[in-house]
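Observations on the model geometry
Here are the chains, one letter per residue:
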Amino acid sequence: MQASELGGTILIVDFGSQVTQLIARRVREAGVYCEIAPFSMAEEAFARLQPSGIILSGSPASVPDEGSPRAPQVLFDSGLPILGICYGQQVMTHQLGGEVKPGHETGEGGEFGRAFLTVTRDCKLFDGLWKEGERHQVWMSHGDKVTRFAEGFEIVAKSDGAPFAVIADEKRHYYGTQFHPEVVHTPDGGKLIANFVRHVCGLAGEWTMAAYRDAKIAEIREQVGDKKVICGLSGGVDSAVAAVLIHEAIGEQLTCVFVDHGLMRANEAEQVVGLFRGHYNIPLVHVDAEERFLSGLAGETDPEKKRKFIGKTFIDVFEEEAAKIGGAEFLAQGTLYPDVIESVSFTGGPSVTIKSHHNVGGLPERMNMALVEPLRELFKDEVRELGRELGLPDAFVGRHPFPGPGLAIRIPGEVTKEKCDILRKADAIYLEEIRNAGLYDAIWQAFAVLLPVRTVGVMGDARTYDSVCGLRAVTSVDGMTADVYPFESRFLQNVATRIINEVQGINRVVYDYTSKPPGTIEWE
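Residues numbered from 1 in each chain as written. Predicted model: local features only at pLDDT ≥ 70, side-chain atom pairs only at ≥ 80, totals over all residues. Heavy atoms only, no water.

What to know about the overall build of the protein chain
To keep it simple, the criterion reads: What counts as a helix is a DSSP run of H or I of at least four residues, what counts as a strand is a run of E of at least two, and both are numbered from the N terminus. Every radius of gyration here is taken over C-alpha atoms, with the globule rule written as 2.2 Å times N^0.38, N being the number of residues. Here the term buried applies to any residue with accessible area under 20% of the maximum for its type, exposed to any over 50%, and partly exposed to those in between, with areas from a 1.4 Å probe on protein chains only. Any two residues whose heavy atoms approach within 4.5 Å at even a single point are treated as in contact.
Along its length, the protein chain carries 18 helices and 20 strands. Its C-alpha atoms give the protein chain a radius of gyration of 26 Å, within 12% of the compact-globule value 24 Å for 524 residues. In the protein chain, which comprises 524 residues, the proportion classed as buried is 55%. Long-range pairs, those at least 24 residues apart, make up 74% of the contacts in the protein chain with a sequence separation of at least 6.

What follows is the structure in structure tokens.
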């Protein structure tokens, strides 16, 4: 999309920080569109985006080291406002003629964790937020430090461990923070970033999902023309929002394929089919492939092999149905912005890529189709917002994440139809009780697991020897880390009682208290 369609943009240059995505989140929370580009690709992104301002991220690298990353000179030649964060402050200082030294050379070491800085001078970055003489909490994480700033800069805030905690060149609108304003541990960090993009860069903060929707519809029409598009529906929010947006753009040129592998939650297949055929009247091919998937999973207990089989079989079934449709030149995918970021290493080389992301296992290569990815600039919460903008029901848009392999990775050990049916009932009861308690939206993800363990129980006067059901619920921002949801014991007792009384095959219920890390959210 063009900068004019977005109300101005911010370019974020990534030097490899683990929290670069958080910078983008803060910018967008300020109502301003932004994109992240690895430093090795920043010059191309600068020319394409025509941004109104630039933010330089942190990095695990050290500026004094030979071969450490640098910002393209074109950024400094542009005359645009620049905010350097941590390494970004240091690399800007170095490239403009200042000095940066490793902590061990200064004899002071690094500075990590919570710190307090003192504002020594007012500046535009602090407008309406911080005043001279005030102390504010920030989050530091650096070993190197600026020892001499470049010409034109002055100190506007300092901390005990960082005499150059914030520097500013008001004439050129250059600012550098040694701390990380993007993390929640800097309480006013989001407001500082908002000050930069709105007050310093002069952007109105008018980027809205309605504007994004209109721009994307025009873009899809231009890309697709009069050709056909097929979209694989997983039952999740991302593919559903992508499909509804594309249908709004090109109507009957879109056909959706929903492969029902028999590993969905209770009533999920019916909900997806009803939503697309009934509410939106979108052409949909519903493939009942339960027997094919379950027969292929018979006897398999290795979680990776289960995942690979499900992924490959999905591709096979999808490819067969796509061939029946015939003539489609485009494949639609619900790729999100974190997937795009994680697929590109910040150095531009494949060796340190976080992960390779292929939504449907490399289908475009096998099927010789071009991709339509209308969500590739959005984060998960923005996709939900777009879904609401498109009129998708809140109950659908706000659903907890659900893994592609479905219930197969919530049944450690062999997967059978009987186990799936037992787990579906237990999971439905658990989620129903969470909704009844008004807790659903406070939880990132909640689900039941059918453990490969049988225990002795007593029901009435009879002995039982049945399965154990594990319950899991976590809070999270992005799924990268997660904390256990602290249910009251009475709630868990009620859920356990219902599951044991109503689901034949389960006689014991346990709750998973493991955070991420060390555990993952899913069990397999």
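Structural notes on unusual backbone geometry
Cis geometry is adopted by the peptide bond preceding Pro517, which originates at Lys516 and carries an omega value of -15 degrees. Position of Pro517 relative to the elements: it lies in the segment after β20 (506–511). With an omega of 15 degrees, the peptide bond running from Pro517 to Pro518 counts as cis. Following the sequence through the fold, Pro518 ends up in the segment after β20. Residues other than glycine seldom take positive phi values, yet His173 does so here, at roughly 60 degrees. Turning to its location among the elements, His173 is positioned in the loop between β10 (166–169) and β11 (174–177). With relative accessibility at 27%, the residue His173 sits in the partly exposed group.

Quick look at the sheet that holds strand β14 (residues 284–288)
Threshold: Here, a strand pair is defined by DSSP locating no fewer than two bridges between the strands. In this analysis an axis means a line fitted to C-alpha atoms, helices contributing only their contacting stretch, and an angle means the value between N-to-C directions, from 0 to 180 degrees.
With parallel pairing, the five strands of this open sheet are ordered in space as β14-β13-β12-β15-β16. Bordering the open sheet on either side are β14 and β16 (370–372), each of which pairs with just one other strand. Neighbouring strand axes in the sheet, compared pairwise and without regard to direction, differ in orientation by 30 degrees on average. Looking at chain direction, strand β15 (residues 328–332) and β16 are connected through three bridges and run parallel. By the bridge assignment, Leu331 is partnered in β16 with Leu371. Relative to the sheet, helix α9 (residues 237–250) contacts β12 (228–233), β13 (254–260), β15 and β16, its axis offset from that of β12 by approximately 160 degrees. Contacts from helix α12 (residues 303–325) reach β12, β13, β14 and β15, with the element oriented near 145 degrees to β13.

Quick notes on helix α15 (residues 380–389)
The complete set of buried residues in α15 reads Glu382, Val383, Arg384, Leu386 and Gly387. Lining the buried residues of α15 we find α2 (20–29), α8 (209–224), α9 and α16 (394–397). Of the residues trailing α15, Gly391 is marked for its positive phi of about 90 degrees.

Looking at the nonpolar core
Here is the rule: Buried Ala, Val, Leu, Ile, Met, Phe, Trp, Tyr and Cys residues form a nonpolar core when they are joined through side-chain atoms within 4.5 Å.
Counting 51 residues, the largest nonpolar core has Tyr430, Ile434, Leu471, Phe487, Ile499, Ile506 and Tyr511 as the members making the most contacts within it. A total of eight residues in this core trace back to one element, the largest contributor, which is helix α17 (residues 417–436). In this structure Ile506 touches Ile422, Ala426, Leu450, Asp466, Ser467, Cys469, Ile499 and Ile500, once residues within four positions along its chain are discounted. Judged by nonpolar contacts, the second largest core, of 44 residues, contains Tyr212, Ala269, Leu390 and Leu392.

Here's the deal with the pairing of strand β2 (residues 33–38)
Threshold: The path from the first strand over the helix to the second decides the hand: if it runs clockwise while the strands point away from the viewer, the crossover is right-handed.
Among the six residues that make up β2, six are buried, leaving the element largely enclosed by the rest of the structure. On β2, burial covers both faces: Tyr33, Glu35 and Ala37 on one face and Cys34, Ile36 and Pro38 on the other are all buried. Examined bridge by bridge, strand β1 (residues 9–14) and β2 share six bridges and lie parallel to one another. Each residue of the ladder has a partner; that of Asp14, found in β2, is Pro38. You can see the chain leave β1, run along α2 and come back into β2, and the turn it takes is right-handed.

Focus on the packing of α8 against α15
Where we set the bar: Should an angle lie under 35 degrees it is considered roughly parallel, over 145 roughly antiparallel, and from 65 to 115 roughly perpendicular; all remaining angles are considered oblique. For this classification, Asp, Glu, Lys and Arg are treated as charged, while Ala, Val, Leu, Ile, Met, Phe, Trp, Tyr, Cys and Pro are nonpolar and the rest, including Gly, are polar.
Direction vectors running N to C along α8 and α15 enclose 80 degrees, while the axes themselves pass 10 Å from each other. Accordingly, the angle class assigned to the pair α8 and α15 is roughly perpendicular. Between α8 and α15, the residues in contact are Met209, Ala210, Tyr212 and Arg213 and Glu382, Glu385, Leu386 and Glu389, respectively. Across the contact of α8 with α15, the residue classes tally to four nonpolar, no polar and four charged.

Section: the pattern of salt bridges
Close approach of charged atoms allows side chains of opposite charge to pair. For the record, the criterion: Salt bridges are defined by distance alone: a side-chain nitrogen of Lys or Arg within 4 Å of a carboxyl oxygen of Asp or Glu.
Inspection of every chain in the model, using the stated rule, returns 31 salt bridges. Here Arg121 makes a salt bridge to Glu154, at a shortest N to O gap of 3.3 Å. Residue Arg121 is located in the loop between β6 (111–119) and β7 (135–142), and its partner Glu154 is located in strand β9 (residues 154–159); the two are separated by 33 residues in the primary sequence. Residues Arg388 and Asp394 are paired through a salt bridge, measuring 2.7 Å at the closest nitrogen-oxygen approach. The network of salt bridges with common partners includes Arg25, Arg28, Asp381 and Glu382.

Some points on the confidence of the model for the protein chain
Stated precisely, the cut-off is as follows: Along the chain, pLDDT gives the predictor's confidence residue by residue, from 0 to 100.
Model confidence for the protein chain is summarised by a mean pLDDT of 87, while 91% of its residues fall at 70 or above. A low-confidence stretch, residues 348–361 (pLDDT under 50), is modelled with 24 contacts involving residues beyond four sequence positions or located in other chains.

Examining α12
The condition that has to hold: Multiplying one less than the number of residues by 1.5 Å gives the expected span of a helix. Pairs of N or O atoms within 3.5 Å make up the polar contacts considered here, provided that, within protein, one atom can donate a hydrogen while the other can accept it, and that residues adjacent in sequence are counted only when both atoms are side-chain atoms.
The end-to-end C-alpha distance of α12 is 33 Å, a good match for the 33 Å that 23 residues give at a rise of 1.5 Å each. Of all the positions in α12, only Lys306, Ile310, Thr313, Phe314, Ile315, Asp316, Val317, Phe318, Glu321 and Ala322 are classed as buried. Residue Asp302 occupies the N-cap position of α12, its side-chain oxygen lying 3.1 Å from the main-chain nitrogen of Glu304. Looking one or two residues beyond α12, the residue adopting positive phi is Gly326, at roughly 70 degrees.

A word on the pairing of β13
Counting buried positions over the seven residues of β13 gives seven, a clear majority of the element. Neither face of β13 is open: one carries Leu254, Cys256, Phe258 and Asp260, the other Thr255, Val257 and Val259, and all of them are buried. Relative to β13, β12 runs parallel, the two sharing five bridges. In the sheet register, Leu233 faces β13, and the bridge partner there is Phe258. Regarding topology, α9 serves as the crossover connection from β12 to the parallel β13, and that connection is right-handed.

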